[in-house]
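Chain and residue survey
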Amino acid sequence: MSGPLHAFLAGTGRDGAGRRLADVLAFGDARIEGVHDFIQWCFPLAEASRAVPGAPVLTPADAETIRTDAAARAGLTAAAARMARFYEDTDGWLRPYDHNHLRITRILTALRDLSGDEAAQAFFETVMRRVRAAGSPVNADSLAFWQRALS
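What comes next concerns the included structure. (Residues numbered from 1 in each chain as written. Predicted model: local features only at pLDDT ≥ 70, side-chain atom pairs only at ≥ 80, totals over all residues. Heavy atoms only, no water.)

Here we come to the overall build of the protein. A count of helices and strands for the protein gives 9 helices and 0 strands. Listing each helix as α and each strand as β along the protein from the N terminus yields α-α-α-α-α-α-α-α-α. In summary, the protein has a C-alpha radius of gyration of 15 Å against a globular reference of 15 Å for 151 residues, a match within 12%. When its C-alpha atoms are laid out on the principal axes, the protein stretches across 45 × 30 × 25 Å. (Helix = DSSP H or I, 4+ residues; strand = E, 2+ residues; numbered from the N terminus. Rg over C-alpha atoms; globule rule 2.2 N^0.38 Å.)

For the pair helix H7 (residues 99-114) and helix H8 (residues 117-133), interaxial distance at closest approach is 7 Å and the crossing angle is 155°. Here H7 is positioned roughly antiparallel relative to H8, judged by the angle of their axes. Judged by residue contacts, Ile104, Ile107, Leu108, Leu111 and Arg112 of H7 engage Asp117, Ala119, Ala120, Phe123, Phe124 and Val127 from H8. Its residues placed into classes, the contact of H7 with H8 shows 9 nonpolar, no polar and 2 charged. (Axes fitted to C-alpha atoms, helices over the stretch in contact; angles between N-to-C directions. Parallel < 35°, antiparallel > 145°, perpendicular 65-115°, else oblique. Contact = heavy atoms within 4.5 Å. Nonpolar A, V, L, I, M, F, W, Y, C, P; charged D, E, K, R; others polar.)

Moving on to the packing of aromatic side chains. For the coordinates displayed, the defined rule picks out 5 aromatic pairs. A centroid spacing of 5.0 Å and a plane angle of 70° characterise the contact between Phe86 and Tyr87, whose relative ring orientation is edge-to-face. Tyr87 gets classed as buried once you look at its relative accessible area, which sits at 1%. Pairwise contacts between aromatic rings join Phe86, Tyr87, Trp93 and Phe123 into one cluster. Directly above the aromatic system of Phe145 lies the positively charged group of Arg148, at a separation of 4.7 Å from the ring centroid. (Phe/Tyr/Trp six-rings, centres within 6.5 Å; stacked < 30°, edge-to-face > 60°. Buried < 20%, exposed > 50% of the residue type's maximum accessible area, 1.4 Å probe, protein only. Lys NZ or Arg CZ within 6 Å of the ring centre and 35° of its normal.)

By secondary structure assignment, the location of Arg103 is in helix H7. Among buried Asp, Glu, Lys and Arg side chains, Arg103 stands out as unpaired, with Glu33 the closest opposite charge at 4.9 Å. Of note is the side chain of Arg103, whose polar atom sits 2.6 Å from the backbone oxygen of Val35. The contact partners of Arg103, leaving out residues within four places of it in the chain, are Ile32, Glu33, Val35, His36, Phe38, Ile39, Met83 and Tyr87. (Lys, Arg positive; Asp, Glu negative; His and termini not counted. Salt bridge = Lys/Arg side-chain N within 4 Å of Asp/Glu carboxyl O. Polar contact = N/O pair within 3.5 Å; in protein donor to acceptor, adjacent residues only side chain to side chain.)

Here is the structure:
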């Protein structure tokens, strides 16, 4: 049985704001920066979001369904690619403290849990290339959270 998270990632359902995954993937960088209720749908976790009350929580059944469905895995991969482009093309998050650091932790955790270590590591390497190129402005706590999300 397909739950709302699976349906959203598979491209057949809508998030809490009525958007399809294709709508979110089409967001421009300014909208990605300014909208805060899509990331929990694109990269679901097993714990409730403190930033967006009422956001979906990934159940073990959701996780298994997403892992075993090619369309949902493709949706997750597409969401990761869009967020990687955002982090490659923007600089606002390259500072000691920024809400995007929490997003990156979420993305790494969801990728690890739903797509595997290789996908999470690839996203991490993309982010870290930008961090290093910017002179490593991100705080040590965020970097440690990212490392822990990989394990």
